[in-house]
Amino acid sequence: MIATFVANIYKMSGVNVLIIGSGGREHALAWKLSQSPKLGKLFALPGNPGTARLGENIPLSVLDFEGIRTVVLEKNINLVVIGPEEPLVKGLYNFLTGDLGLRNVLVVGPGREGAMLEGSKNFAKAFMQRHGIPTARYRAFTRDEYSEAKKFLGTLSSPYVLKADGLAAGKGVVIQASYEDACASLGEFFSGKFGDAGNVVVIEEYLRGVELSVFVLTDGKSYVILPEAKDYKRVGAGDTGPNTGGMGAVSPVPFATPEFMKKVEETIVKPTISGLASEGIPYCGFIFFGLMNVVGNPFVVEYNARLGDPETQVVLPRIKNDMLELLMLCAAGKMNEAELVVAPQFAATVILASGGYPGSYEKGKAISGLEASANAIIFHAGTTSSGSMTLTAGGRVLACTGTGESMEDALASSYCAANAITFESKYFRSDIGMDVYPKS
Ligand code: AMP
Ligand code: GLY
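Fair warning: this is a prediction, and the values are worked out from it, not measured in the lab.

A. Here's a closer look at the overall build of the protein. Across its full length, the protein carries 14 helices and 24 strands. Taken over the C-alpha trace, the protein has a radius of gyration of 21 Å; the compact-globule value for 440 residues is 22 Å, and the two agree within 12%. In terms of overall dimensions, the protein has C-alpha extents of about 60 × 50 × 40 Å along its principal axes. Considering the protein as a whole, with its 440 residues, one finds that 56% of them fall into the buried category. Intrachain contacts of the protein at a sequence separation of at least 6 include 69% that bridge at least 24 residues. Counting only carbon and sulfur atoms, one obtains 52% of the accessible surface of the protein, whose full area is about 17,600 Å². A gap of 1 Å separates the mean positions of the 40 positive and 44 negative side-chain charges of the protein.

Written out as structure tokens, the structure reads:
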């Protein structure tokens, strides 16, 4: 059945799609898939007010696997795209693809084993070591190895990087300037601050350089490299203050020259995909390479088993392909037939956050000005609807994406929307893109 399905991908229409997730990334996916002439009905689970405008939201948890199975059957879903890490790491892909009743349904994952690249930092580091993939020198320690861990810290120089092994919602990485503070953090990890995620701690060398996010879509054999992006993780202008999920992004990134990207492909992308294959780990989905450019050479800081947020909001607007066709080719194991076409335009996104984020913040603030932003694409992240009103419902509220023939134009559109949209305690970074695209 899958074989017939694949043969028909190019002439298919009426494909019903279910997107799992509710963030800006999922709204951007919904936006891009909505442009496909092959799309039938679009569903998002649970979705957000942005996806509700493009399709139907289904108010279920992304971890309600049985509920998702029922939706796939009842709505005649042909393709499921899983956005966030938690259902991936917990095996939603395996659950759906292993069900005989769903054998005609295509799923973009990856499965539980492949998602270990994100779900266990210790697994990811050991994998990179096995396959000679450039990354920071490291060692992993369990709770009963506290004194060995402190000794290893003593062999490194400041700053010290400590990571909880498991998923910790982006909060499991601590960078400390002093040895004493690093030892104190180690104690906190082992005392259960991150729950089971901190049972094993990875301690690694600090990499000095500029970060870059590179994404591939792969079926475990062939792959396409999507446009690269730069994310702005710290909350404050000039990369100050605590880490967040990401306060903005730009694509393309000037230092990602063809020579640099060639190094990324040869030393990182290819060995990762062939490494997965040689270890018998099937992989169908996105791999997000969090890279550090260390004097012209790329090193892997982390892998994620999904697209980035807010990177997706600048990557997808630069892809010319029919995204539905690309995702179907991936899920059907036919990535060798895919050829990516990138638009020669620039994209920037600025996140509007609730004041206080990533610490505590208030929700339920009325948002206005959403309709006035004709030149930008507004992706919803943490919003909710109440009657005809849209209210804030999260730390990262909206992503304002601008595109243009120059980064200056793209940023101008983003910032025009960022200023026009209002809600109480709105906060955004005013310097997105400015480090890599300095004003001339
Ligand atoms: P991760 O969750 O592994 O991406 O780490 C969060 C952030 O911590 C990264 O985006 C980097 O900014 C920083 N980071 C992590 N590992 C290192 C490292 N070895 N050297 C320098 N910075 C790092
Ligand atoms: N923007 C970083 C991430 O999605 O993890």
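B. Fine view of the sheet that holds strand β17 (residues 297-304). The four strands are arranged β11-β10-β16-β17 in an open sheet whose pairing can be described as antiparallel. Single-partner strands in this sheet number two, and they are β11 (223-225) and β17. Recorded for the sheet is a direction-independent mean angle of 30° between the axes of neighbouring strands. Of the pairings in the sheet, the one linking strand β10 (residues 210-218) to β11 comprises three bridges and is antiparallel in character. Opposite leucine 217, over in β11, you have valine 224 as the bridge partner.

C. How the structure looks around the site of ligand 2. The environment of ligand 2 is made up of Asp231, Gly245, Phe288, Asn304, Arg306, Gly308, Asp309, Pro310 and Glu311. Interatomic distance of 2.8 Å between a side-chain N/O atom of glutamate 311 and a nitrogen atom of ligand 2. Split into classes, the residues belonging to the shell around ligand 2 amount to two nonpolar, three polar and four charged.

D. Spotlight on the packing of aromatic side chains. The final tally for this structure, using the stated rule, is 13 aromatic pairs. Measuring from ring centre to ring centre gives 5.9 Å for phenylalanine 255 and phenylalanine 260, while their planes differ by 85°; the resulting arrangement is edge-to-face. For phenylalanine 255, a relative accessible area of 18% corresponds to the buried category. Among the residues examined, phenylalanine 260 registers a relative accessible area of 4% and is labelled buried. Here the aromatic residues Phe123, Phe127, Phe289 and Tyr303 are joined through ring pairs into a cluster of three or more. In this structure, lysine 230 packs its charged tip against the face of tyrosine 232, placed 4.1 Å from the ring centre.

E. Here's a closer look at the sheet that holds strand β8 (residues 173-176). With antiparallel pairing, the four strands of this open sheet are ordered in space as β6-β9-β7-β8. On the outer flanks of this sheet lie β6 (138-142) and β8, each paired with one strand and no other. Taking the axes of each pair of neighbouring strands and ignoring which way they run, one obtains an average angle of 20° across the sheet. Of the strand pairs in this sheet, strand β7 (residues 160-164) and β8 are connected by four bridges, and their pairing is antiparallel. Its bridge partner lying in β8, lysine 163 is registered against valine 173. Against the sheet, helix α9 (residues 146-155) engages β6, β7 and β9 (200-204), with an angle of about 160° to β6.

F. Layout of empty space enclosed by the protein. Going through the model one piece at a time under the given rule, you end up with two cavities of 30 Å³ or more. Here the largest cavity defines a volume of roughly 80 Å³. Every residue lining the largest cavity is counted, 13 residues in all, and those nearest its centre are Lys121, Ala124, Val301, Glu302 and Tyr303. Mapped onto the lining of the largest cavity, the elements with two or more residues apiece are α7 (112-119), α8 (121-130), β9 and β17.

G. Local environment of the pattern of salt bridges. Tallied over the entire structure, the rule returns 22 salt bridges. Here arginine 306 makes a salt bridge to glutamate 85, at a shortest N to O gap of 3.1 Å. On the criterion of sequence distance, the pair formed by arginine 306 in the loop between β17 and α12 (312-315) and glutamate 85 in helix α5 (residues 85-89) is long-range, its members being 221 residues apart. When its relative accessible area of 13% is taken as the criterion, arginine 306 is described as buried. Between lysine 233 and aspartate 231 there is a salt bridge whose closest N-O contact spans 3.9 Å. The class for aspartate 231 is buried, based on a relative accessible area of 11%. Connected via shared salt-bridge partners are Glu85, Glu118 and Arg306.

H. Helix α13 (residues 323-331), seen in detail. Summarising burial for α13: eight of the nine residues are buried, a large majority. Three or more residues of α13 are buried, namely Met323, Leu324, Leu326, Leu327, Met328, Leu329, Cys330 and Ala331. Of the residues trailing α13, glycine 333 is marked for its positive phi of about 75°.

I. Helix α10 (residues 179-190), seen in detail. Here α10 spans 17 Å end to end across 12 residues, near enough to the 16 Å set by a 1.5 Å rise per residue. Where α10 is concerned, the buried positions are Ala182, Cys183, Ser185, Leu186, Phe189 and Phe190. Viewed end-on, α10 has its buried residues packed into an arc of 160°, placing them on one side of the element. Contacts from the buried residues of α10 go to β6, α9, β7, β8 and β9.

Quick notes on the rules
Residues numbered from 1 in each chain as written. Chains lettered and ligands numbered in written order. Predicted model: local features only at pLDDT ≥ 70, side-chain atom pairs only at ≥ 80, totals over all residues. Heavy atoms only, no water. Helix = DSSP H or I, 4+ residues; strand = E, 2+ residues; numbered from the N terminus. Rg over C-alpha atoms; globule rule 2.2 N^0.38 Å. Buried < 20%, exposed > 50% of the residue type's maximum accessible area, 1.4 Å probe, protein only. Contact = heavy atoms within 4.5 Å. Areas by Shrake-Rupley, 256 points an atom, 1.4 Å probe, with all protein chains shown as cover. Lys, Arg positive; Asp, Glu negative; His and termini not counted. Charge placed at Lys NZ, Arg CZ, Asp CG, Glu CD. Pairing = 2+ DSSP bridges. Axes fitted to C-alpha atoms, helices over the stretch in contact; angles between N-to-C directions. Near = heavy atom within 4 Å. Polar contact = N/O pair within 3.5 Å; in protein donor to acceptor, adjacent residues only side chain to side chain. Nonpolar A, V, L, I, M, F, W, Y, C, P; charged D, E, K, R; others polar. Phe/Tyr/Trp six-rings, centres within 6.5 Å; stacked < 30°, edge-to-face > 60°. Lys NZ or Arg CZ within 6 Å of the ring centre and 35° of its normal. 1 Å grid on protein atoms, 1.4 Å probe; cavity = no way out; pocket = protein on both sides within 12 Å on 5 of 7 lines; lining within 4 Å. Points joined across faces, edges and corners; volume = space filled by probe spheres on them. Salt bridge = Lys/Arg side-chain N within 4 Å of Asp/Glu carboxyl O. Expected span 1.5 Å × (residues − 1). Arc of directions from axis to C-beta.

Read these as geometric descriptors, not functional statements.
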